[in-house]
Amino acid sequence: MLDFENPKLEIDSLRLSFGNKEVLKGIDLHIPERKIVALIGPSGCGKSTLLRSINRMHDLTPTARISGDIRLDRESVYHAKADVVEVRRRIGMVFQKPNPFPKSIFDNIAYGLRINGQQSRKHLSEVVQRSLQDSYLWEEVHEQLDKSALELSGGQQQRLCIARSIAVQPHVLLMDEPCSALDPISTDKIEQLMLKLREEYTIVIVTHNMQQAQRVADYTAFMYLGELIEYAPTQEIFEAPKHELTQRYIGGGFG
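Residues numbered from 1 in each chain as written. Predicted model: local features only at pLDDT ≥ 70, side-chain atom pairs only at ≥ 80, totals over all residues. Heavy atoms only, no water.

*Asks:* Go over the overall build of the chain, please, and point to the residues and values.
*Replies:* Secondary structure summary: the chain contains 10 helices and 10 strands in total. Taken against the 2.2 N^0.38 rule, which gives 18 Å for 255 residues, the C-alpha radius of gyration of the chain at 18 Å falls within 12% of a compact globule. Along the first, second and third principal axes, the C-alpha atoms of the chain reach 55 × 45 × 35 Å. Pairs at least 24 residues apart make up 68% of the contacts formed inside the chain by residues separated by at least 6 positions. Here the chain displays about 12100 Å² of accessible surface, and carbon together with sulfur accounts for 46% of that area. On the chain, the mean spot of the 31 positive side-chain charges and the mean spot of the 34 negative ones are 5 Å from each other. (Helix = DSSP H or I, 4+ residues; strand = E, 2+ residues; numbered from the N terminus. Rg over C-alpha atoms; globule rule 2.2 N^0.38 Å. Contact = heavy atoms within 4.5 Å. Areas by Shrake-Rupley, 256 points an atom, 1.4 Å probe, with all protein chains shown as cover. Lys, Arg positive; Asp, Glu negative; His and termini not counted. Charge placed at Lys NZ, Arg CZ, Asp CG, Glu CD.)

*Asks:* Which residues make up the sheet that holds strand β6 (residues 91-94), and what are the values?
*Replies:* Strand order in the open sheet formed by six strands is β6-β7-β8-β3-β9-β10, and the pairing between neighbours is mixed. If you trace the sheet from one side to the other, it starts and ends with β6 and β10 (227-233), each paired once. Between one strand axis and the next, the sheet turns through 20 degrees on average, direction left out of account. Across four bridges, the pairing between strand β3 (residues 36-40) and strand β8 (residues 202-206) is parallel. (Pairing = 2+ DSSP bridges. Axes fitted to C-alpha atoms, helices over the stretch in contact; angles between N-to-C directions.)

*Asks:* Can you explain the environment of Leu245? Please cite residues and give values.
*Replies:* Among the secondary structure elements, Leu245 is positioned in helix α10 (residues 244-250). For Leu245, a relative accessible area of 18% translates into the label buried. Spatially, the C-alpha atoms of Leu245 and Tyr224 are 8.2 Å apart, while their sequence positions differ by 21 residues. Not counting chain neighbours up to four residues away, the residues in contact with Leu245 comprise Phe222, Tyr224, Ile229 and Phe254. (Buried < 20%, exposed > 50% of the residue type's maximum accessible area, 1.4 Å probe, protein only.)

*Asks:* Let's hear about unusual backbone geometry: which residues, and what values?
*Replies:* Of note, the phi angle at Asp73 is positive, near 50 degrees, even though the residue is not glycine. Summarising the element assignment, Asp73 is placed in the loop between β4 (64-72) and β5 (75-76).

*Asks:* Outline the sheet that holds strand β1 (residues 9-18), supporting the account with residue identities and numerical values.
*Replies:* With antiparallel pairing, the four strands of this open sheet are ordered in space as β2-β1-β4-β5. Each end of this open sheet is capped by a strand with a single partner; those strands are β2 (21-31) and β5. Taken together, the eight bridges between β1 and β4 define a ladder with antiparallel strand orientation. When the sheet's bridge partners are listed, Ser17 is paired in β4 with Arg65. Along the sheet face, helix α1 (residues 47-54) touches β1, β2 and β4 and points at about 115 degrees away from the line of β1.

*Asks:* Which residues make up the side chain of Thr202, and what values do they have?
*Replies:* Positionally, Thr202 belongs in strand β8. A residue is classified by how much of its surface remains accessible, and Thr202, at 1% relative accessible area, is buried. A polar contact is formed between the side chain of Thr202 and the backbone nitrogen of Arg34, at a distance of 2.9 Å. Beyond its immediate stretch of four places on either side in the chain, Thr202 contacts Lys8, Ile31, Pro32, Glu33, Arg34, Lys35, His171, Val172 and Leu173. (Polar contact = N/O pair within 3.5 Å; in protein donor to acceptor, adjacent residues only side chain to side chain.)

*Asks:* Got a sec to walk through the layout of surface pockets? Specific residues and values, please.
*Replies:* The volume enclosed by the largest pocket comes to roughly 640 Å³. If you go around the largest pocket, you meet 22 residues; those closest to its centre are Arg88, Arg89, Gly92, Met93 and Ser165. Residue assignment for the lining of the largest pocket shows that the elements contributing at least two residues are α2 (84-90), β6, α3 (105-115) and α6 (154-166). Residue classes in the lining of the largest pocket are distributed as 13 nonpolar, six polar and three charged. There is about 150 Å³ of room inside the second largest pocket. Forming the boundary of the second largest pocket are Val127, Arg130, Ser131, Asp134, Ile166, Gln169, Pro170, His171, Glu200 and Tyr201. Residue contributions to the lining of the second largest pocket peak at four residues, all from helix α4 (residues 121-134). Residues belonging to the lining of the second largest pocket are distributed by class as follows: four nonpolar, three polar and three charged. (1 Å grid on protein atoms, 1.4 Å probe; cavity = no way out; pocket = protein on both sides within 12 Å on 5 of 7 lines; lining within 4 Å. Points joined across faces, edges and corners; volume = space filled by probe spheres on them. Nonpolar A, V, L, I, M, F, W, Y, C, P; charged D, E, K, R; others polar.)

These figures capture arrangement, not role.
Structure below.
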């Protein structure tokens, strides 16, 4: 496991089962601050399950059983006294399919602020503008903030969802296949956005697109059958993988 002096996220001995099926098998993964880490591997290897464990999205699954720990800034997100709402504010999530609320563009971005008690229209307007600017969307929508977010294109909706996530100033941004439903032009915009957001946020992305991992990720973790097989700087993973399974996957041998 890579040893970072002050990791932003620490995943230690994480095991997760659904009923009798163990899906994550003792994952150890430390993630540095303001870097992009890509999780790669064949379908069903546990990538998305691991990602959703980071902000406790499995809490409502009755059959889920989890052990080990995940720490954000040295504090356990699974501690009995941890505030799950606060955990999810600090660890934002962007899904594979854009999921804007059936509200205006403005109200989508302001939603998280409002449920956290912020009602000042001036403050909301400032945060909405900044979040849309940071998501490369302001120039396209600034004259139609009252328009339904559902009328935006798929790529615009995904950038809107990213803007909604960063409006509440998370520490970490999780992205689960954020470009899989998008065309190449929209994908390029999202990738450029990720590289920009890395200046302020720690990003963990699940992707099946190995070229995307090479373009945006500082570090890449290869998973197989619920285990973390190899974790290294992205260039090393793709040019000089140490594990035979990694070599086979990178070479197109399976998955």
